[in-house]
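One letter stands for each residue in the lines below.
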Amino acid sequence: MKFEGTNDYITTGDLTLAVNASVSLERPLLIKGEPGTGKTMLAFEVAKALKKDIVTWHIKSSTTAQQGLYEYDAVARLRDSQLGDDRVNDISNYINKGKLWEAFESKKQVVLLIDEIDKADIEFPNDLLLELDKMEFYCYELQKTITAKKRPIIIITSNNEKELPDAFLRRCFFHYISFPDRETLKDIVHVHYPDLEEKLMNKALSVFYEIREIDGLKKRPSTSELIDWIKLLVVGKITATELDDLDITEEDPPYTGALLKSEQDYEILSRLRGRFKRKLN
Amino acid sequence: MFLDFFLLLKNDGIPVTIKEYLTLLEALDKDVIDCSVDDFYFLSRASLIKHEQNLDRFDRLFGLYFKGIERIDDEEFMKIPENWLMKNYESLFDKEDIDMIKKMGNLDELMDRLKELMEEQKKRHEGGNKWIGTAGTSPYGAYGANPAGIRIGQDGSRNRSAVKVWDKRDFKDLDDSVELQTRNMKMALKRLRALTREGLKDELDLDKTIDKTSKNAGYLDLEFVAEKKNNIKVLMFLDIGGSMDDHIELCSRLFSASKYEFKHLEFYYFHNCIYERLWKNNERRWREQIPTYEVLNKYNSDYKCIIVGDGSMSPWELMYENGSVEHNNDEAGFVWLERLKEHYPYTVWLNPVPPDEWKWTESILMLKDFYDDRMFPLTLSGLQKAVRALKDKKYNFESS
């Protein structure tokens, strides 16, 4: 079965190919790209398209690799032993399975999303090398090896906050989601708002690109911001003519808050305006 | 069979490994792609390239290597003409073609001329889909039916031609937007730690728990402590502009690594030597200057001080009043450096100039002496030593 994108998710040829390659070779797929270009969404859409269940593991700065495998709750066991609970005799009662274990255990192949792997400690990916390579790990407490019944499809996203180790990268396929071109972006908007007026869409996209191309923005608006913004335009009943009259060198577009999210970016926008006016005078 | 391509990448400095190459071959073996160069481009990119800053270089090399080949027929692909990759097109052409090409001269010339013609054609009628040289005798027409299946002409369809995809060089800008190879530096800086326990008590203190539990007649009595956190404070002074321009990449790497590694990191910029004023923002350096005294008062001696600069200037910038190249300074550079050194007992100087060249610059030698040889090259090993020196007052470059 091949992934071809879904009705709700527009992909480009290179992305589908990367997904398919990693599915058939059973290697993890590492996805990077600007924030808001649908990295996390991809895993869900792959799961949907291939009709698989999804297991998500969201990484935080305090997450360790061991947590993905399992955790042994020794304190609970000690407590139970003092309370005379029968459960105490079976150590497996105190093994809390992690997301990897969950994915390995599943009888059907699942999609495993490891979201924002760069959030964790710099050594985190190295700790998972063997587990991702062999798709198995050893549980000391139970003295048995947990092996994946069906090797899961692993999709890993990263926001580039940390460099990933080479040994880890070697084991993955890599795809960088670049910002979509105008045509693809149109398709994407269309998926979300099938009834959107063509004229409004064109105008909105022009304004959007105009803002995106301002130099020095701290956070350039990306696809998800555009979707939110268009939603506001629709709800606020802004018409294409209103956008047509708009000149970002003179005033903020309506609902700028959805596009620009940092104070400095507003400052840049207004400074740009000042410079523009001076030029006119 | 793509070994040459692989070696080309490797020789050009793209970090590709055998493992990745084998993955690519495995993928080809499993028929992940159809036989089009487009797909091959995507597949090789996904399996060989792991850093987006290398994507642009990959695109260029790919374009270079696969110039002119756009589609491989299934039949041809099955035969695997190993030499088609070696630009040995001749082996693919039949006799007639070769003769024709010979008549036209060199193959490369032919291709170049072809490209020119295509460009021209594109310009003249936009969106047109006329093939170049439809006239029967034109050598370019021969290409259409040529066994290598080089497709020419064809413009205006939405079906992106392969050449376009990598020739677009979408990833040109990525080079400067990401941090480069800072991992090693981070690992080195990681050693600079002052672990203290503060904040929420959420870690089990095993010793105390055992202790208290046994006092409690064997009944569990849990004791928690706060997690250890790195509380090191770092003050960084960065030389900027002038001769430092050559080292800008290295310095920004160091900066990005330290910014990530230290929670308490303060940084200020200076030019050539530290005088009475510093600044935090280079764009606004003349408007928003901060008196050096203010910095000294604000950050106490707990801070570890790292000065990054090439130390290359004329000696009088260090020794005399009004020696600065940029402004009139009332006090000499050394006076300010002395103040800093006194205030921050743990100071090191990181120099991007290689140590072999230090002896050629008077001012570097002066600074090296001034800091009792606690000047380290801005290399990985230098950084490791500098980190050690920040913990040990007696450690210097010579003693290592």
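The rules we used
Residues numbered from 1 in each chain as written. Chains lettered and ligands numbered in written order. Predicted model: local features only at pLDDT ≥ 70, side-chain atom pairs only at ≥ 80, totals over all residues. Heavy atoms only, no water. Helix = DSSP H or I, 4+ residues; strand = E, 2+ residues; numbered from the N terminus. Buried < 20%, exposed > 50% of the residue type's maximum accessible area, 1.4 Å probe, protein only. Areas by Shrake-Rupley, 256 points an atom, 1.4 Å probe, with all protein chains shown as cover. Contact = heavy atoms within 4.5 Å. Buried area = accessible area lost by both parts, 1.4 Å probe. Salt bridge = Lys/Arg side-chain N within 4 Å of Asp/Glu carboxyl O. Polar contact = N/O pair within 3.5 Å; in protein donor to acceptor, adjacent residues only side chain to side chain. Axes fitted to C-alpha atoms, helices over the stretch in contact; angles between N-to-C directions. Parallel < 35°, antiparallel > 145°, perpendicular 65-115°, else oblique. Left-handed = near helix turned anticlockwise from the far one by under 90°. Nonpolar A, V, L, I, M, F, W, Y, C, P; charged D, E, K, R; others polar. Pairing = 2+ DSSP bridges. 1 Å grid on protein atoms, 1.4 Å probe; cavity = no way out; pocket = protein on both sides within 12 Å on 5 of 7 lines; lining within 4 Å. Points joined across faces, edges and corners; volume = space filled by probe spheres on them. Expected span 1.5 Å × (residues − 1). Patch = residues over 30% accessible without salt bridge, like charges linked within 9 Å, V, L, I, M, F, W, Y side chains within 5 Å. Lys, Arg positive; Asp, Glu negative; His and termini not counted. Charge placed at Lys NZ, Arg CZ, Asp CG, Glu CD.

Peer 1: Summarise the overall build of chain B; cite the residues concerned and give the values.
Peer 2: When you go through chain B residue by residue, the secondary structure sums to 18 helices and nine strands. Residues counted as buried form 46% of the 400 residues belonging to chain B. Working note: accessible area of chain B is about 21,500 Å², and carbon and sulfur atoms make up 49% of it.

Peer 1: Lay out the overall build of chain A in plain terms, naming residues and giving numbers.
Peer 2: The number of helices and strands found in chain A is 13 helices and nine strands. Considering only residue pairs separated by 6 or more positions, chain A has 73% of its internal contacts joining residues 24 or more positions apart.

Peer 1: How would you explain the interface of chain A and chain B if you had to name every residue and give the values?
Peer 2: Accessible area lost on assembly of the parts is the figure often given for the size of an interface. Taken together, the contacts link 39 residues of chain A with 40 residues of chain B. Of the roughly 3,400 Å² buried where chain A meets chain B, counting both sides, 56% is carbon and sulfur surface. Among the residues chain A hides against chain B, the three largest losses belong to Leu 17, Glu 163 and Phe 174 of chain A. Together they make up 20% of the total. The interface formed by chain A and chain B holds two salt bridges in total. In this structure, the salt-bridge partner of Glu 26 of chain B is Arg 27 of chain A, at a minimum N-O distance of 3.0 Å. Joining chain A to chain B, the criterion identifies six residue pairs in polar contact (both at pLDDT 80 or more). Residue assignment for the side of chain A that touches chain B shows that the elements contributing at least two residues are α1 (13-25), α4 (74-83), α8 (166-170), β9 (173-177) and α9 (182-192) of chain A.

Peer 1: Just give me the short version of the packing of helix α1 (residues 3-11) of chain B against helix α4 (residues 55-65) of chain B, but keep the residues and values in it.
Peer 2: Residue and element names in this part refer to chain B. Two elements in contact, α1 and α4, have axes whose closest approach is 11 Å; the angle formed by their N-to-C orientations is 140 degrees. Of the possible angle classes, the one that applies to α1 and α4 is oblique. Crossing angle aside, the handedness with which α1 passes α4 is right-handed. Contacts between α1 and α4 pair Asp 4, Phe 5, Leu 8 and Leu 9 from the former with Phe 58, Leu 61, Phe 62 and Tyr 65 from the latter. A per-class count over the contact of α1 with α4 returns seven nonpolar, no polar and one charged.

Peer 1: Lay out the pairing of strand β1 (residues 29-33) of chain A with the relevant residues and their values.
Peer 2: In regular strands, side chains alternate between the two faces of the sheet. Residue and element names in this part refer to chain A. Most of β1 sits inside the fold, with five of its five residues counted as buried. Neither face of β1 is open: one carries Leu 29, Ile 31 and Gly 33, the other Leu 30 and Lys 32, and all of them are buried. As judged from the three bridges shared by β1 and strand β8 (residues 153-157), these two strands associate in the parallel manner. Each residue of the ladder has a partner; that of Leu 29, found in β8, is Ile 155. Here β1 pairs with β9 via five bridges, running parallel.

Peer 1: Kindly report on the pattern of salt bridges, identifying the contributing residues and their values.
Peer 2: Taken as a whole, this structure holds 21 salt bridges over all chains when the rule is applied. Asp 373 of chain B is paired through a salt bridge with Lys 368 of chain B; the nearest N and O atoms lie 3.1 Å apart. For the pair Asp 373 of chain B and Lys 368 of chain B, one class covers both residues: buried. What emerges from the salt-bridge pattern is a single network uniting Asp 8, Glu 45 and Lys 48 of chain A.

Peer 1: Residues and numbers for the sheet that holds strand β5 (residues 110-115) of chain A, please.
Peer 2: Residues and elements named next belong to chain A. Ordered by their spatial adjacency, five strands build an open sheet running β2-β5-β8-β1-β9, and the pairing between neighbours is parallel. Of all the strands in the sheet, the pair left with one neighbour each is β2 (53-58) and β9. Sheet twist, expressed as the mean angle between neighbouring strand axes with direction ignored, is 20 degrees. Most of the contacts of α1 go to β9, to which it runs at about 160 degrees, and overall it touches β1, β8 and β9.

Peer 1: Give me the lowdown on the layout of surface pockets, citing residues and values where you can.
Peer 2: Put simply, the second largest pocket is a space of about 1,000 Å³. Lining of the second largest pocket is provided by 30 residues; of these, Ser 61 and Asp 121 of chain A together with Tyr 260, Glu 261 and Lys 263 of chain B occupy positions nearest its centre. Partitioned by chemical class, the residues of the lining of the second largest pocket number seven nonpolar, six polar and 17 charged.

Peer 1: Could you give me a rundown of helix α2 (residues 18-29) of chain B, with the residues and numbers involved?
Peer 2: Between its first and last C-alpha atoms α2 of chain B spans 16 Å; for 12 residues at 1.5 Å apiece the expected length is 16 Å, and the two agree. Against α1, α8 and β9 of chain A together with α1 and α3 (37-48) of chain B lie the buried residues of α2 of chain B. Of the residues trailing α2 of chain B, Asp 31 of chain B is marked for its positive phi of about 55 degrees.

Peer 1: Go over helix α10 (residues 198-212) of chain A with me, naming the residues and quoting the values.
Peer 2: If you check α10 of chain A, its first and last C-alpha atoms are 21 Å apart, about what 15 residues at 1.5 Å a residue would give, namely 21 Å. On its buried face, α10 of chain A sits against α9, α11 (223-235) and α12 (240-245) of chain A.

Peer 1: Give a detailed account of the environment of Met 313 of chain B, specifying residues and quantitative values.
Peer 2: All names here are of chain B. Looking at the secondary structure, you find Met 313 in the loop between β7 (304-308) and α15 (315-319). Given the relative accessible area of 10%, Met 313 is considered buried. Along the sequence, Met 313 and Glu 362 sit 49 residues apart, while their C-alpha atoms lie 8.3 Å from each other. Ignoring sequence-local partners within four residues, the contact set of Met 313 consists of Asn 272, Cys 273, Leu 318, Ser 363 and Leu 367.

Peer 1: Describe the pairing of β5 of chain A, naming the residues involved and giving the relevant values.
Peer 2: Residues and elements named next belong to chain A. Judged by how many residues are buried, β5 sits mostly within the fold: six of six residues are covered. In the sheet, β5 pairs with β8 via four bridges, with the strands oriented parallel. Pairing of Leu 113 across the sheet is with Ile 155, part of β8.

Peer 1: Break down the side chain of Thr 184 of chain A for me, with residues and values.
Peer 2: Within the secondary structure, Thr 184 of chain A is located in helix α9. Thr 184 of chain A has contacts with Ile 10 and Thr 12 of chain A, leaving out every residue within four places of it along the chain.

Peer 1: Run through the packing of α10 of chain A against α11 of chain A, naming residues and quoting values.
Peer 2: All names here are of chain A. The N-to-C vectors of α10 and α11 enclose an angle of 135 degrees; their axes lie 11 Å apart at closest approach. Overall, the two elements α10 and α11 adopt an arrangement that is oblique. The handedness of the crossing between α10 and α11 is right-handed. Of the residues in α11, those touching α10 at Ala 204, Leu 205, Val 207 and Phe 208 are Leu 226, Trp 229, Ile 230 and Leu 233. Along the lines of polarity and charge, the residues of the contact of α10 with α11 split into eight nonpolar, no polar and no charged.

Peer 1: Give a description of a negative patch on the surface that names residues and reports values.
Peer 2: Residues and elements named next belong to chain A. Taken together, the side chains of Glu 210, Glu 213, Glu 242, Asp 245, Asp 247, Glu 250 and Glu 251 make up a negatively charged region of the molecular surface. Tracing the chain through its elements places Glu 250 in the loop between α12 and α13 (263-280). For Glu 250, a relative accessible area of 53% puts it in the exposed group.

Peer 1: Describe in detail the environment of Ala 65 of chain A, supporting the description with residues and values.
Peer 2: Residues and elements named next belong to chain A. With respect to the helices and strands, the residue Ala 65 is situated in helix α3 (residues 65-69). Owing to a relative accessible area of 7%, Ala 65 belongs among the buried residues under this scheme. Contact partners of Ala 65, with chain neighbours within four places excluded, come to Trp 57, Phe 124, Asp 127 and Leu 128.

It is worth stressing that arrangement in space is one thing and function is another; only the former is reported here.
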